[in-house]
There are 2 protein chains.
Amino acid sequence: MERSFQALALDLLPRLGVYRLKQRTKDICPFTLFDLNNGELASLGFNDAQIRVFQQPPMAKLESVQQWMHDGKNRSVISYFDDNYPALLKEIASPPMLLFCQGNDALLQAPQVAMVGSRAATISGKETAKRLAKELTLHGFCVTSGLATGIDSYAHQGALTQGGPTIAVLGSGLNVIYPKSNIALAKSIVEHGLLVSEFWPNTPPNAPQFPRRNRIVSGLSLGVVVVEAAGRSGSLITARLAAEQNRDVFAVPGSINNPKVAGCHKLISQGAKLITSVADILEEYPQYAIVKEDISKQHSPALHFVDNVKPDPVLDSIGYETTPVDIIAQRSKLSIEQVLEQLLTLELSGLIISSSGGYIRTKEGV
Amino acid sequence: MERSFQALALDLLPRLGVYRLKQRTKDICPFTLFDLNNGELASLGFNDAQIRVFQQPPMAKLESVQQWMHDGKNRSVISYFDDNYPALLKEIASPPMLLFCQGNDALLQAPQVAMVGSRAATISGKETAKRLAKELTLHGFCVTSGLATGIDSYAHQGALTQGGPTIAVLGSGLNVIYPKSNIALAKSIVEHGLLVSEFWPNTPPNAPQFPRRNRIVSGLSLGVVVVEAAGRSGSLITARLAAEQNRDVFAVPGSINNPKVAGCHKLISQGAKLITSVADILEEYPQYAIVKEDISKQHSPALHFVDNVKPDPVLDSIGYETTPVDIIAQRSKLSIEQVLEQLLTLELSGLIISSSGGYIRTKEGV
């Protein structure tokens with residue numbers, strides 16, 4: 001049997017992860033297990049169900065992965081026992097046996113910073129995630145997250161404003177992008193980054209898989225940035241995992257009146273590093289930080305669009321922070337009714353977004 | 001010479017504070033110095049100018065303080081050598097020789113929490129200061145601050161919503177309230193708390209006196225709460241003094257986009273306790289915390305006023321957080337123009353205040 005098939009088969013051993021497999025095999029190369037007979041395998045401690053995998057591997061299942069790799073571009077599977085398995089991920093308590101990859105799998109070797117946070121983040125949290133991710137990318141880091149809605153999505157998007165790279169770790173198989181609303185984002189990530197999953201390609205998204213996914217997000221990364229997390233939140237679990245994995249935990253503070261940052265404040269109180277800008281992250285990793293050119297300021301279609309239109313007093317009155325309608329009216333010297341009409345046009349053209357406190361410009365900056 | 005005059009005279013010894021006076025006198029009661037002759041004083045290390053104070057005290061100056069005490073109610077002077085000099089203040093490196101008091105000087109013995117912050121605070125910072133001060137008061141603490149504009153004023157006001165107590169430490173003499181805009185506030189504090197100064201009653205406000213004042217604010221207190229402070233700010237000096245005095249330092253976090261909280265974030269990074277509610281302060285002082293009845297909810301004239309008017313859809317649409325005008329219109333189901341008209345009336349009647357992001361209710365809560 002091909003070694004690539006053997007690598008897949010090792011992941012099918014019932015009740016046996018990387019850790020216990022290594023305990024059983026010690027110095028033996030696990031691929032040689034396929035050459036052993038029943039007695040030899042039993043003497044190493046493998047049970048009947050496990051021995052069956054070595055003796056009669058489920059070929060159809062293994063071939064389906066081979067087929068999956070042939071069916072699309074840039075698909076690969078990296079085994080724990082491969083040389084290009086990411087070194088940091090090897091260090092964690094329960095490393096995945098396999099990494100199914102779609103995109104540029106060399107990125108797994110890049111210095112990564114994870115970004116996680118509330119799925120129901122506030123607009124300000126989302127903008128912060130996007131800005132920090134963009135700036136991390138500009139300084140040579142790959143931003144790793146979980147492709148969830150909210151902070152995850154904005155983290156990936158922020159990296160993509162610079163053409164990536166960004167890594168999304170899925171809690172489902174790579175054929176089953178979840179949530180569906182992020183299918184387009186996942187496509188961009190395949191082009192400019194990498195989708196990763198420890199789950200076989202057609203695995204549906206099941207709840208218990210998402211916390212497991214989180215250990216890979218932090219396990220791949222030097223540190224984890226938590227941008228908005230409520231008092232009890234999955235992001236706090238990721239932060240705890242990160243701390244257990246000896247990874248840095250960074251948390252962004254916010255207004256004490258915003259329940260979406262209670263978790264971040266809790267983390268800071270427990271020792272996470274309070275960060276207010278990307279510089280606070282960079283100073284922890286001087287060995288990796290570089291400076292790239294900001295490509296979002298070049299050849300921006302949005303910029304061209306703006307160049308072709310006359311100055312817009314309503315747009316000019318809206319900041320990159322939430323700007324309330326009455327302030328827009330005051331600044332633009334227009335009536336509230338006139339302003340409301342034009343806000344709709346600007347929102348439809350994507351130049352501003354509505355938030356609970358007013359409107360925010362979307363162009364350029366992030 | 002009366003002992004009260006002697007106590008005042010000790011503060012007039014040139015270039016000799018409490019610390020060096022104690023070094024010179026060791027076990028000798030400093031009041032007996034007035035009975036010694038030139039040779040005896042010189043042998044203790046006093047110079048000619050200092051000896052002159054013992055031998056020929058400036059009686060007119062001392063009598064002017066006696067006159068000042070007679071001229072107003074509840075005026076007193078407490079000397080470092082008096083039994084009712086506050087014990088915590090005695091511990092600091094450079095305790096004031098005298099405390100000129102106006103109001104209830106017994107409050108100096110009460111457990112105090114200091115609150116400091118930006119003079120140019122944001123509306124949200126001011127509301128936080130007011131709310132925390134009110135809640136500290138409800139839990140039996142005396143809120144101590146510096147009577148400056150911004151956070152200081154709102155801290156005092158928050159305590160006064162409960163009838164006090166609150167202590168204001170001045171950087172000028174008690175006859176020279178500064179800033180003038182706080183004269184009315186100072187009057188309330190005299191009635192429901194205490195004004196304190198180490199400066200003689202007619203001392204004008206000079207810049208170097210304000211940092212000196214800060215050491216007393218923190219020196220009187222168990223801990224110091226910093227609510228909004230820019231990256232370089234006097235409040236950070238107070239926080240540093242507090243830490244040097246072994247007092248707790250608490251800091252309120254905020255949005256990373258608000259430059260007015262950069263100082264708080266810096267303090268948290270340096271080890272100050274991040275607080276999001278009064279509970280985070282109370283848990284440090286279980287021995288002092290009690291629970292009083294919230295008197296701002298009883299017999300409130302504003303409440304009576306509201307009882308007499310019919311339900312107001314605009315007022316009801318405004319929260320204790322900044323509420324933007326378009327949200328108020330949406331909630332009240334009125335047109336923006338109608339809302340704007342009524343907002344003006346509500347603002348003039350003091351039921352709401354305008355902030356940069358919309359409007360905030362002022363009644364009850366704080």
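Predicted, not measured: the structure shown is a model, and the values here were computed from it.

Some remarks on the sheet that holds strand S8 (residues 248-251) of chain A
Whether parallel or antiparallel, the strands of a sheet pair through hydrogen bonds between backbone atoms.
Residue and element names in this part refer to chain A.
At step 1: In spatial order, the strands read S1-S2-S6-S5-S4-S3-S7-S8-S9; together these nine strands make up an open sheet with mixed pairing. The two strands at the open ends of the sheet, each matched to only one other strand, are strand S1 (75-79) and strand S9 (273-274).
At step 2: Looking at chain direction, strand S3 (residues 112-117) and strand S4 (residues 142-145) are connected through three bridges and run parallel. Note that in S4 the partner of Gln 112 across the bridge is Cys 142.
At step 3: Of the strands in this sheet, S3, strand S7 (223-227) and S8 are in contact with helix H11 (residues 234-244), which crosses S7 at around 160°.

What to know about the pattern of salt bridges
Residue and element names in this part refer to chain A.
At step 1: Per the counting criterion, the structure on display carries 16 salt bridges over all chains.
At step 2: Between Arg 3 and Asp 82 there is a salt bridge, with its nearest N and O atoms 3.8 Å apart. Taken together, the residues span a long stretch of sequence, with Arg 3 in helix H1 (residues 3-10) and Asp 82 in the loop between S1 and helix H6 (87-90) at a distance of 79 residues.
At step 3: Relative accessible area serves as the criterion here: at 45%, Arg 3 is assigned to the partly exposed category.
At step 4: Beyond isolated ion pairs, a larger network of salt bridges with shared partners links Glu 198, Arg 212 and Arg 215.

Notes on unusual backbone geometry
At step 1: Geometrically, the link from Gly164(A) to Pro165(A) is a cis peptide bond, its omega value of 5° lying close to zero.
At step 2: With respect to the element layout, Pro165(A) can be found in the loop between helix H8 (151-160) and strand S5 (166-169).
At step 3: Of the consecutive residues Tyr178(B) and Pro179(B), the connecting peptide bond is found in the cis state with omega at -5°.
At step 4: Tracing the sequence through the fold places Pro179(B) in the loop between strand S5 (166-169) and helix H9 (183-192).
At step 5: Positive phi values are uncommon outside glycine, yet Asn74(A) reaches one of about 50°.
At step 6: For Asn74(A), the location among the structural elements is in the loop between helix H5 (59-71) and S1.

Let's talk about the packing of aromatic side chains
At step 1: Tallied over the entire structure, the rule returns 22 aromatic pairs over all chains.
At step 2: Centroid distance Phe46(A) to Phe54(A): 5.1 Å. Interplanar angle 75°. Geometry classified as edge-to-face.
At step 3: Under the relative-accessibility criterion, Phe46(A) is labelled buried at 4%.
At step 4: A relative accessible area of 4% places Phe54(A) in the buried class.
At step 5: Aromatic pair Tyr80(B) and Phe81(B): ring centres 5.2 Å apart, planes at 80°, arrangement edge-to-face.
At step 6: Tyr80(B) sits in the buried class, given a relative accessible area of 5%.
At step 7: Connected via pairs of aromatic rings, a cluster forms that spans Phe31(A), Tyr80(A), Phe81(A) and Tyr85(A).
At step 8: In this structure, Arg24(A) packs its charged tip against the face of Phe46(A), placed 5.6 Å from the ring centre.
At step 9: Sitting over the ring of Tyr80(B), Lys90(B) keeps its end group 5.0 Å from the ring centre.

Observations concerning the packing of helix H16 (residues 325-332) of chain A against helix H17 (residues 336-348) of chain A
Residues and elements named next belong to chain A.
At step 1: One way to put it is that H16 packs onto H17 with a least axis distance of 9 Å and a crossing angle of 105°. The orientation of H16 with respect to H17, classified from their angle, is roughly perpendicular. Contact residues: Val 325, Asp 326, Ile 328, Ala 329 and Ser 332 in H16; Ile 336, Val 339, Leu 340 and Leu 343 in H17.
At step 2: Classifying every residue of the contact of H16 with H17 gives seven nonpolar, one polar and one charged.

Concerning helix H4 (residues 48-55) of chain B
All names here are of chain B.
At step 1: Every buried residue of H4 is listed here: Gln 50, Ile 51, Val 53 and Phe 54. Along H4, the residues classed as buried sweep out an arc of 150° about the axis, all on the same side.
At step 2: Buried residues along H4 sit in contact with helix H1 (3-10), helix H2 (18-25) and helix H3 (38-43).
At step 3: Regarding H4, its N-cap is Asn 47, as a side-chain oxygen of that residue lies 3.2 Å from the backbone nitrogen of Ala 49 further along.

Cut-offs and rules
Here, residues in each chain are numbered from 1, in the same order as that chain's written sequence. Lettering of chains starts at A and numbering of ligands starts at 1, both following the order in which they are written. Local features in a predicted model are, by the rule used here, given only for residues with pLDDT of at least 70; side-chain atom pairs are given and counted only at 80 or more, and totals for whole chains, interfaces and linings are based on all residues. Hydrogens are left out, water is left out, and the side-chain values use all remaining heavy atoms of the structure. We treat two strands as partners when DSSP finds at least two bridges between them. Comment: elements are numbered from the N terminus, with helices defined as DSSP H or I runs of at least four residues and strands as E runs of at least two. Only heavy atoms enter the contact rule, under which two residues are in contact if any of them lie within 4.5 Å. Axes here mean lines fitted to C-alpha atoms, for a helix over just the part in contact, with angles spanning 0 to 180 degrees between N-to-C directions. In the sections that follow, a salt bridge refers to a side-chain nitrogen of Lys or Arg positioned within 4 Å of a carboxyl oxygen of Asp or Glu. Categorising residues by exposure relies on relative accessible area from a 1.4 Å probe, with only protein chains included: less than 20% of the type maximum marks a residue as buried, more than 50% marks it as exposed, and the intermediate range marks it as partly exposed. Two rings from Phe, Tyr or Trp (for Trp, the six-membered ring) form a pair when their centres sit within 6.5 Å of each other. Planes less than 30 degrees apart are called stacked, planes more than 60 degrees apart edge-to-face, and all others tilted. Either the NZ atom of lysine or the CZ atom of arginine qualifies as a charge over a ring when it sits within 6 Å of the ring centre and within 35 degrees of the ring normal. Orientation labels follow simple angle bins: below 35 degrees gives roughly parallel, above 145 gives roughly antiparallel, 65 to 115 gives roughly perpendicular, and whatever is left gives oblique. Nonpolar residues are Ala, Val, Leu, Ile, Met, Phe, Trp, Tyr, Cys and Pro. Charged residues are Asp, Glu, Lys and Arg, and all others, Gly as well, are polar. Directions drawn from the helix axis to the C-beta atoms are what define this arc. Any pair of nitrogen or oxygen atoms within 3.5 Å is treated as a polar contact; in protein, a donor-acceptor pairing is required on top of that, and neighbouring residues in sequence qualify only through side-chain atoms on both sides.

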